[in-house]
Amino acid sequence: MSISLKIPTPLRRMTNGESTATVEGSNISECINSLDSLHPGIKDRLVGENGELHRFVNVYVNGEDIRFQEGIKTSVSSGDEISIVPAVAGG
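All chains use their own residue numbering, which begins from 1 and follows the written sequence. In keeping with the predicted nature of the model, local features appear solely for residues at pLDDT of at least 70, side-chain atom pairs appear and are counted solely at 80 or more, and the whole-chain, interface and lining totals rest on all residues. As a rule here, side-chain values come from all non-hydrogen atoms in the structure, and water together with hydrogens is ignored.

### Structural notes on the nonpolar core
Reasoning step 1: To form a nonpolar core, buried Ala, Val, Leu, Ile, Met, Phe, Trp, Tyr and Cys residues must be joined to one another through side-chain atoms within 4.5 Å. The cut-offs for exposure are 20% and 50% of the maximum accessible area for each residue type, with area from a 1.4 Å probe on protein chains only; residues under the lower value are buried, those over the upper are exposed, and the others partly exposed. In terms of nonpolar packing, the biggest core is built from 23 residues, with Ile 28, Leu 35, Leu 46, Leu 53 and Ile 82 touching the most fellow members.
Reasoning step 2: To qualify as a helix, a DSSP run of H or I must reach at least 4 residues; to qualify as a strand, a run of E must reach at least 2; elements of each kind are numbered from the N terminus. Where this core is concerned, the elements lending two or more residues are strand S1 (3-6), strand S2 (20-23), helix H1 (28-38), helix H2 (42-46), strand S3 (57-61) and strand S5 (81-86).
Reasoning step 3: Of the residues forming this core, the biggest block, 4 residues, is contributed by H1.
Reasoning step 4: What makes two residues a contact is simply this: any of their non-hydrogen atoms within 4.5 Å. Ignoring sequence-local partners within four residues, the contact set of Ile 82 consists of Ile 3, Ser 4, Leu 5, Lys 6, Ile 28, Cys 31, Val 59, Tyr 60, Val 61 and Val 76.

Structure follows, in structure tokens:
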């Protein structure tokens, strides 16, 4: 199943400037692994050693925040759109 994954500007240097990638998987974790197979090392920027997303990484599936679903185990289907959004802080 093909899923579109939007890559934020700060990570595009790892994807040769690509703003989207087509990934495979049945949940967010599998899609991140698929992205990492296309662009080695990008997973380390998204996921910690504990297997969970870094706290400064926000992920949305079709505009819905996965923190309010099943986190990194949130299911995805063909045609879904995953967006990775780095947290922004300021003051």
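### Section: unusual backbone geometry
Reasoning step 1: One non-glycine residue with positive phi stands out, namely Asn 16, at about 55°.
Reasoning step 2: Within the element layout of this structure, Asn 16 appears in the loop between S1 and S2.
Reasoning step 3: Its identity is not glycine, yet Asn 62 carries a phi of approximately 50°, on the positive side.

### A word on H1
Reasoning step 1: Among the residues making up H1, those that are buried are Ile 28, Ser 29, Cys 31, Ile 32, Ser 34 and Leu 35.
Reasoning step 2: Measuring from the side-chain oxygen of the N-cap residue of H1 to the backbone nitrogen of Ser 29 gives 3.1 Å; that N-cap residue is Asn 27. Here a polar contact is taken to be a pair of N or O atoms separated by no more than 3.5 Å, where protein atoms must pair a possible hydrogen donor with a possible acceptor and residues adjacent in sequence count only if both atoms sit in side chains.

### Focus on the pairing of S3
Reasoning step 1: Extensive coverage of S3 is indicated by the burial of 4 of its 5 residues.
Reasoning step 2: We treat two strands as partners when DSSP finds at least two bridges between them. As paired strands, S3 and S5 are joined by 5 bridges and run antiparallel to one another. Following the sheet pairing, Val 59 is matched in S5 by Ile 84.
Reasoning step 3: With 2 bridges joining them, S3 and strand S4 (residues 64-65) adopt antiparallel strand pairing. Bridge pairing in S4 links Tyr 60 to Asp 65.
Reasoning step 4: Connecting S3 to the next strand, S4, in antiparallel fashion are 2 residues, including Asn 62 with a positive phi near 50°.

### Observations concerning the pattern of salt bridges
Reasoning step 1: Criterion for a salt bridge: a side-chain nitrogen of Lys or Arg within 4 Å of a carboxyl oxygen of Asp or Glu. Enumeration according to the criterion identifies 2 salt bridges in this entry.
Reasoning step 2: Of the charged contacts, one joins Glu 81 and Lys 6 as a salt bridge, the two residues approaching to 3.7 Å between their closest N and O atoms. Highlighted residues: Glu 81 in strand S5 and Lys 6 in strand S1, separated in sequence by 75 residues.
Reasoning step 3: Note that Arg 67 and Asp 65 form a salt bridge whose closest N and O atoms lie 2.5 Å from each other.
Reasoning step 4: Note on Arg 67: relative accessible area 54%, which makes it exposed.
Reasoning step 5: Given the relative accessible area of 9%, Asp 65 is considered buried.

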